[in-house]
Protein chains: 2
Amino acid sequence: MTQPRMQFWFEFASTYSYVAAMRIEKVAAEAGVPLEWKPFLLGPLFTEQQGIKDSPFNVFPIRGRYMWRDMERLCVKYGLPWRRPTAFPRLSVPAARVACLGASESWGPAFVRAVYQANFVDDRNIADPELLVPLLDALGLNGKALVERAGESDAKERLRRNTEEAARAGIFGAPNFIVDGELFFGQDRLDDAIAWYRQRVLGKTG
Amino acid sequence: MTQPRMQFWFEFASTYSYVAAMRIEKVAAEAGVPLEWKPFLLGPLFTEQQGIKDSPFNVFPIRGRYMWRDMERLCVKYGLPWRRPTAFPRLSVPAARVACLGASESWGPAFVRAVYQANFVDDRNIADPELLVPLLDALGLNGKALVERAGESDAKERLRRNTEEAARAGIFGAPNFIVDGELFFGQDRLDDAIAWYRQRVLGKTG
């Protein structure tokens, strides 16, 4: 039996997912917690659950104002670079399809971080598949070939399945961590999810 | 000049406010952070900001399911008693008006905890002003007289002012902590707010 992994559910358009994505690999490795990377799309969930067609941070400006200020503080706290993007949210479908192809590959986590950096540090339009090519090339991959594969039915189907699985798992925002069926929502719950894994899966306290 | 205080904004109907209310006095005292207790009403804010007339945890069942499970875990984590109330949310107006009268009194924090215990541990109807009388009596106060005062215009006005101040401060949920104009939303951000106070007000790191 393979060791269960902690699932990390992220959406490339999500600012709070950026914070989690940049931190999680180190935090999980130090705690001895193996990860499963789960890209998904929040848009369909927001529409189905709340009947909205835009980010709640745009639909409810008071929540948006808080989030943008909170991101500045969180990035200082965790020593992460940050620039408020000139467009929000950016369409994450092309990048998420590539991430599905890389989810079980050694280059997956580095690609995820590169996309977040492009969106939330370099303010580049991750909705453009052409932008993803040099990000992949920089990881020693054939970017052009991978972006083409991401446009084919297999990658599309993987992302669709992930998004449906997210809905069934009770997900309504991002990021999330799932350990042994337990859902933890929000970047500020990463430590709780890690502790849950260590207690419930590894049988360790503290 | 008096030392600035960290504001604790809470709503008696809010489950996550319960977690914060039971923990905050000890956490703040240990960190040397003086508190200002700010009862307010979320209902008018939800209606004005989101156009809803009920808790978002009822309006959006998927968020409610998560919250109820999350509360169980959080109460285990912090060693707090917990029983899911048979009615949610309970009208918090009468208790919040009494809390306004006690906000600057030595009995204030103990009354706040007693109301949360009644709602989320003993499953009692805090919407009933008569219920509040014995809670106050148990603190050595004249419960009947205080509940009567809470029905008068001064207490009503204080709660109305607090709720308007919450809206101006950018509040859209509960609980919140405000330090020197910086808003922190959610019980899981208490430590961040404390750290902010120590760094910005006391000039200490760590």
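Scroll up a little and you will see the structure.
Residues numbered from 1 in each chain as written. Chains lettered and ligands numbered in written order. Predicted model: local features only at pLDDT ≥ 70, side-chain atom pairs only at ≥ 80, totals over all residues. Heavy atoms only, no water.

Engineer: Could you give an account of the sheet that holds strand β1 (residues 6-10) of chain B, naming the residues involved and the relevant values?
Structural biologist: Residues and elements named next belong to chain B. Strand order across the open sheet formed by four strands is β2-β1-β3-β4, with mixed pairing between neighbours. Where the open sheet ends on each side, the last strands, each with one partner, are β2 (35-39) and β4 (182-185). The mean angle between the axes of side-by-side strands here comes to 20 degrees, regardless of whether they run parallel or antiparallel. (Pairing = 2+ DSSP bridges. Helix = DSSP H or I, 4+ residues; strand = E, 2+ residues; numbered from the N terminus. Axes fitted to C-alpha atoms, helices over the stretch in contact; angles between N-to-C directions.)

Engineer: I'd love a proper account of the packing of helix α6 (residues 108-120) of chain A against helix α7 (residues 129-137) of chain A, names of residues and values included.
Structural biologist: Residues and elements named next belong to chain A. Where α6 contacts α7, the axes come no closer than 10 Å and their chain directions differ by 130 degrees. By the criterion of interaxial angle, the relationship of α6 to α7 is oblique. The two elements α6 and α7 cross, and the hand of that crossing is right-handed. Counted together, Phe111, Ala114, Val115 and Ala118 of α6 and Leu131, Leu132, Leu135 and Leu136 of α7 form the full contact between these two elements. Grouping the constituent residues of the contact of α6 with α7 by class yields eight nonpolar, no polar and no charged. (Parallel < 35°, antiparallel > 145°, perpendicular 65-115°, else oblique. Left-handed = near helix turned anticlockwise from the far one by under 90°. Contact = heavy atoms within 4.5 Å. Nonpolar A, V, L, I, M, F, W, Y, C, P; charged D, E, K, R; others polar.)

Engineer: How would you summarise the relation of the copies chain A and chain B if you had to cite specific residues and measurements?
Structural biologist: Under the fitted operation, chain A is carried onto chain B by 0.0 Å of movement along the axis and a turn of 180 degrees, and the coordinates agree to an RMSD of 0.0 Å. Accordingly, the operation relating the two chain copies is best matched by a two-fold axis. For chain A, the residue whose C-alpha comes nearest the rotation axis is A:Asp188, separated from it by 3.5 Å. Residue by residue, 100% of the interface of chain A is reproduced at the interface of chain B, so both copies engage with the same surface. (Least-squares fit on C-alpha atoms with pLDDT ≥ 70 in both.)

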